[in-house]
Amino acid sequence: MDFQVRTAIVNLTTSEVEFTHTPDVLVRAYLGGRGLNMAYLRHYLCRAGDPRAVDPLGPDNPLIIGAGMLTGTIAPNAARFNISARSPESGILGDSNCGGFFAAAMRKAGFDRLIILGRAERPSYLLLVDHTIHIVEADGLWGMRVIEAQDQLKGLHGPGTVSAVIGPAGERQVRMAAVMTGKKNAAGRGGMGAVMGSKNLKAVVARGGEAIAVAQHDTLRALRLKQQAELKASKVVQVLGRVGTPLLYEVSNRLGAIRTRNSQDNYFEDTLNAEEIEKYVDKMLACTSCVVHCRHQNKLGGEGPEYSTIGLLGANLGIAPTDQVIALNNLVNDLGLDASSTGTILGWAMELYQREIIDNAVTGGPLVWGDYERVRNLIEDIAYRHGFGNVLAESTQAARYFPDTAKDYLIAVKGLPQSDPHDVRYLKGFALGIAVASRGADHLRNRPTLEVFKLPDEVRVSIYGRANDPDPTGYKDKGLIVAWSDDIYAVTDCLGLCKFVTQGFNSPHLLGYEHMSDLIAAATGLEYTPESLREVGRRVIDTERLINASLGLSRADDTLPKRYFDEPMPARNTKGHHVDRVQFQMMLDDYYAERGWDADGRVCAERVDEIDAVVAMLDAPNSR
Amino acid sequence: MQIQIQLSEPYWRAAGKRNLELDIEEGARLADVLDALRRGWPALSHDLDEASPVCFVEEIQAQTDTILSDGCQLHLVWPVAGG
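Conventions we followed
Residues numbered from 1 in each chain as written. Chains lettered and ligands numbered in written order. Predicted model: local features only at pLDDT ≥ 70, side-chain atom pairs only at ≥ 80, totals over all residues. Heavy atoms only, no water. Helix = DSSP H or I, 4+ residues; strand = E, 2+ residues; numbered from the N terminus. Rg over C-alpha atoms; globule rule 2.2 N^0.38 Å. Buried < 20%, exposed > 50% of the residue type's maximum accessible area, 1.4 Å probe, protein only. Contact = heavy atoms within 4.5 Å. Areas by Shrake-Rupley, 256 points an atom, 1.4 Å probe, with all protein chains shown as cover. Lys, Arg positive; Asp, Glu negative; His and termini not counted. Charge placed at Lys NZ, Arg CZ, Asp CG, Glu CD. Axes fitted to C-alpha atoms, helices over the stretch in contact; angles between N-to-C directions. Parallel < 35°, antiparallel > 145°, perpendicular 65-115°, else oblique. Left-handed = near helix turned anticlockwise from the far one by under 90°. Nonpolar A, V, L, I, M, F, W, Y, C, P; charged D, E, K, R; others polar. Disulfide = S-S within 2.5 Å. Buried area = accessible area lost by both parts, 1.4 Å probe. Salt bridge = Lys/Arg side-chain N within 4 Å of Asp/Glu carboxyl O. Polar contact = N/O pair within 3.5 Å; in protein donor to acceptor, adjacent residues only side chain to side chain. Pairing = 2+ DSSP bridges. Phe/Tyr/Trp six-rings, centres within 6.5 Å; stacked < 30°, edge-to-face > 60°. Lys NZ or Arg CZ within 6 Å of the ring centre and 35° of its normal.

S.K.: What is the right way to read the overall build of chain B from this model?
M.R.: Helix and strand content of chain B: 3 helices and 5 strands. Along chain B, from the amino end to the carboxyl end, the secondary structure elements read β-α-β-α-α-β-β-β. In terms of overall size, chain B behaves like a compact globule, its C-alpha atoms giving a radius of gyration of 12 Å where 83 residues would be expected to give roughly 12 Å. With the C-alpha coordinates of chain B rotated into their principal frame, the extents come out at 35 × 25 × 20 Å. Taking all 83 residues of chain B together, the buried fraction comes to 54%. A fraction of 56% describes how many contacts in chain B between residues 6 or more apart in sequence connect residues 24 or more apart. With an accessible surface of roughly 3,700 Å², chain B has 45% of that area assigned to carbon and sulfur atoms. In chain B, 6 positive and 14 negative side-chain charges are present, and the distance between their average locations comes to 6 Å.

S.K.: What's the story with the overall build of chain A in this structure? I'm lost.
M.R.: Helix and strand counts for chain A stand at 24 helices and 16 strands. Here the C-alpha atoms of chain A give a radius of gyration of 22 Å, agreeing with the 25 Å that 2.2 N^0.38 yields for 624 residues. Principal axes of the C-alpha set define a box for chain A whose edges measure 60 × 60 × 50 Å. Out of the 624 residues in chain A, the part that is buried amounts to 67%. With the model as given, the accessible surface of chain A reaches about 19,800 Å², and the carbon-plus-sulfur share is 49%.

S.K.: Can you help me understand the packing of helix α17 (residues 428–436) of chain A against helix α23 (residues 581–595) of chain A in this one?
M.R.: For any two helices packed against each other, one specifies the crossing angle of their axes together with the interaxial distance. All names here are of chain A. Packing of α17 against α23 leaves a shortest axis separation of 11 Å and a crossing angle of 70°. Taken together, α17 and α23 sit at an angle that is classed as roughly perpendicular. The chirality of how α17 crosses α23 is right-handed. Here K428, L432, A435 and V436 of α17 come into contact with α23, specifically with F584, M587, L588 and Y591. Counted by class, the contact of α17 with α23 contains 7 nonpolar, no polar and 1 charged residues.

S.K.: Even after reading the chapter, I still don't get the packing of helix α19 (residues 478–495) of chain A against helix α20 (residues 513–524) of chain A, so can you show me in this structure?
M.R.: Residues and elements named next belong to chain A. Interaxial distance between α19 and α20 falls to 11 Å at its minimum, and their mutual angle equals 20°. The angle between α19 and α20 places the two elements in the roughly parallel class. Between α19 and α20 lies a crossing of left-handed hand. Counting all contacts with α19, which are made through D487, I488, V491, T492 and L495, the residues of α20 involved are Y513, M516 and I520.

S.K.: Teacher, can you tell me more about unusual backbone geometry here?
M.R.: Of all residues except glycine, most have a negative phi; of all peptide bonds, most are trans. Here the bond from G304 of chain A into P305 of chain A is cis, since omega is 15°, no more than 30 degrees from zero. Structurally, P305 of chain A can be placed in the loop between β14 (295–298) and α11 (307–313). The linkage connecting E9 of chain B with the following residue, P10 of chain B, adopts the cis geometry, with an omega of -5°. Looking at the element boundaries, P10 of chain B is found in the loop between β1 (2–7) and α1 (11–15). Even without glycine at this site, H293 of chain A takes up a positive phi of about 65°. Along the polypeptide, H293 of chain A turns up in the loop between β13 (281–285) and β14.

S.K.: Would you mind showing me how to read the state of the cysteines here?
M.R.: Working definition: the covalent bond between the sulfur atoms of two cysteines is a disulfide. Residues and elements named next belong to chain A. What the rule picks out here adds up to 0 disulfides over all chains. Not engaged in a disulfide, the cysteine C498 finds its nearest cysteine sulfur in C294; these two sulfurs lie 6.2 Å apart. Counting only cysteine sulfurs, C46 is the nearest neighbor of C604, a cysteine outside any disulfide, at a range of 17 Å.

S.K.: Honestly, the interface of chain B and chain A in this entry has me stumped. Any pointers?
M.R.: Where the parts come together, the accessible area they lose is often given as the size of the interface. Each side of the interface is counted separately: chain B has 23 residues, and chain A has 31 residues. Roughly 2,500 Å² is buried in total at the junction of chain B and chain A, and carbon and sulfur atoms are behind 56% of that figure. Looking only at chain B, the three residues that lose the most surface to chain A are V80, A81 and G83 of chain B, adding up to 24% of its buried area. Where chain B touches chain A, the interface holds 6 salt bridges. A salt bridge links K235 of chain A to D47 of chain B; its shortest N-O distance comes to 2.9 Å. Across the chain B-chain A interface, the total number found is 7 residue pairs in polar contact (both at pLDDT 80 or more).

S.K.: I'm lost on helix α3 (residues 42–50) of chain B in this one. Help?
M.R.: Residue pairs spaced three or four apart in an α-helix point in one direction, given the helix's 3.6 residues per turn. Every buried residue of α3 of chain B is accounted for by L44, S45, D47 and L48 of chain B. Turning to α3 of chain B, the residues buried within the fold contact α8 (235–243) of chain A together with β1, α1, α2 (30–40) and β5 (73–77) of chain B.

S.K.: Just checking my understanding: could you explain the sheet that holds strand β2 (residues 16–21) of chain A for this structure?
M.R.: Strand pairs in the sheet, formed through backbone hydrogen bonds, run parallel or antiparallel to each other. All names here are of chain A. Taken together, 6 strands build an open sheet; the order of strands is β2-β1-β6-β3-β4-β5 and the sheet is mixed. Both outer strands of the open sheet, β2 and β5 (93–98), are each paired with one neighbouring strand and no more. Averaged over all adjacent pairs, the angle separating strand axes in this sheet is 15°, with direction ignored. Bridge count between strand β3 (residues 63–67) and strand β6 (residues 113–117): 4 bridges; the pairing is antiparallel. The residue of β6 that forms the bridge with L63 is I116.

S.K.: Hey, could you run me through the sheet that holds strand β2 (residues 19–23) of chain B in this one?
M.R.: Spatial ordering of the open sheet is given by β2-β1-β5-β3-β4 (chain B), a layout of 5 strands whose pairing is mixed. Two strands close off the open sheet at either side, each with one partner strand: β2 and β4 (60–62) of chain B. In this sheet, neighbouring strand axes are inclined to one another by 30° on average, regardless of whether the strands run parallel or antiparallel. Of the strands in this sheet, β1, β3 (54–57), β4 and β5 of chain B are in contact with helix α9 (residues 247–255) of chain A, which crosses β5 of chain B at around 135°. Against the sheet, α2 of chain B contacts β1, β2, β3, β4 and β5 of chain B, and its axis sits at roughly 70° relative to β5 of chain B.

S.K.: Sorry if this is basic, but what is going on with the packing of aromatic side chains here?
M.R.: In this description, a pair of aromatic rings is defined by centroid distance and the angle of the planes. Residues and elements named next belong to chain A. Following the criterion strictly, the structure yields 11 aromatic pairs over all chains and no others. Between F81 and F102, the ring centres sit 5.3 Å apart and the planes meet at 55°, which makes this aromatic pair tilted. Remark: F102 occurs in helix α3 (residues 102–108) and F81 occurs in strand β4 (residues 81–86); sequence separation between them is 21 residues. Judged by relative accessible area, F81 falls into the buried class, the value being 1%. Relative to W484, the ring of Y464 has its centre 5.3 Å away and its plane inclined at 85°; by these criteria the two rings are edge-to-face. In this pair, Y464 sits in helix α18 (residues 457–464) while W484 sits in helix α19, placing the two residues 20 residues apart along the sequence. Overall, Y464 belongs to the buried group, its relative accessible area being 6%. Among the aromatic side chains, those forming a connected cluster through ring pairs are W348, F388 and F402. Above the plane of the ring of Y528 lies R28, whose end atom (NZ or CZ) is 4.4 Å from the centre.

S.K.: What exactly am I supposed to notice about the pattern of salt bridges here?
M.R.: Close approach of charged atoms allows side chains with opposite charge to pair. Residue and element names in this part refer to chain A. Evaluated as defined, the whole model comprises 58 salt bridges over all chains. Between R6 and E210 there is a salt bridge whose closest N-O contact spans 3.7 Å. Placement of R6 in strand β1 (residues 6–11) and of E210 in the loop between β12 (201–207) and α7 (217–232) is noted, with a sequence separation of 204 residues between them. With relative accessibility at 19%, the residue R6 sits in the buried group. Its salt-bridge partner being R122, residue E137 comes within 3.7 Å of it at the nearest N-O pair. One end of the pair, E137, is in strand β8 (residues 132–137); the other, R122, is in the loop between β6 and β7 (124–129), and 15 residues separate them in sequence. It is possible to trace a salt-bridge network through shared partners that takes in R34, D95, R445, D493, K499 and E544.

Written out as structure tokens, the structure reads:
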């Protein structure tokens, strides 16, 4: 079997659809998912001449939807896809990763990647079925919330259809709008829903037909069974399957590291512990080919909440009642908002009000911690761009409407609000990670979670390749562990795997490069060694660095929120910890050295040439 | 002396309850308490061996040689991160 990546280029302005295959050289170099999306994003941004001239909400911004190389096969936890574009939230690289069932259906309908250009004249959606793409008028769907729109599409096109949709937030180009599939699965980060809305695109609907062809079915099946057994024997997989990510809340809270009231405080109520959330759970759900089952179906009509949502719509806003936080979770999902950005921006606004940096004339009324009704209404107003919500709908860019001092209280990096509710001042590797993450302040790019494990020296050497300082609160060797995490998470995203089965994310075990190489060979016939697979991860990180550099970013942008440098944590075990500015710069030096970048954080010329030679393959006729 | 122990997810499920009380000798170290837990709650022993807990006395992280005092509250938290 010759493995081919089936790509469709849809121009919504002209209604033209072009079917092509991604050149083999690119597939070898980037695999799929996030990696190939980044190659295409660099291609289209550079093709515009000056990438900075591409308006994130304009027709020239490409919206790239790419399934992972293994997505939809029987490989463990191979459900995921990436949506990429220039981000309207941060202005830099936008890339969001999502699970659920959509990507498998997209592949089974005949497409591994969609590149959506232009802007439809009227609200539209794409229907993918049996290797064809139809551009369908969506007037009747425009205005619907996430769940209603998907139900409607399923009713129109049959029970086998799966949709990725935007809600009211995406339609109004709210800069933190998500693309949603199912009740909760979100391509949340960076405002990809706003890009979709700017194109007048309500949904992409896929009806999967044929099974995804693999090179060696029996071998892949044997690998699945073996790896599934290993994963299910893992305690972290068992616990995630029982209570999901809310288990992390108590860990962070007990430590004194849960972002509370916009990181003015660092611990909160026990009402958001996993056992309290569990009281509202009907059952646990799974994504395509999942062996973990970490997603809750809750009793309030939605799915979730995840740890991030609990922290950022709970502790970060001073809201303690469990049912209220779950209701807010369901609301942001149904409106199509990114929960992490929404919670962070609301917390920021509340602190600005508390400090009298903004007042009722700006906010339209009191904005105080723990006021559930006010938060609920304000979330609606953000999605519909009403009143003060219209200001907050600009996400970090709302700073331009506030006094200059407002920026001092914004918990964001590179224009992206921090995703994880964990206060990073204590764990220095985590702090470095969010400072250098390519899409802005985000834990899913490179969080070196093994920091918290008391791993023996020999285990740490076997993972990271050399001895390293195990102290998570120190500054030594953090470049090494963040770079290692960068690379393996990038490969995971290229393959469409879930990080909950990836080595290093929650455990020193689980699926590493060797497992992944075996899966790739069985599914596609392509051979990789663990070393060559890690090289793919390095190439993806370098490509992302080049994209951001072309958008004007430099070393100065690899930084942290002011509070993380200047204000010590106030209580519990982490009391007194902050990130020292001088030591932080030393960590950056270490990190750049690990990546092979120069002292200013620039990718070396040789690598730039190599990447651009590969990406240039997309310039060939019929190879875009 | 007596100490109060609060178990986090997933330890408490193995023990069957969230909060435990333990009578131990004066001057006992954290390591002694963990040994006592293994003896008193065999189902918990496996989980403790599989993943050494992060332990806090009141609000401060404790080491295995930390000496505990009468009436103190010990929290055993599972070492996990990343969500």
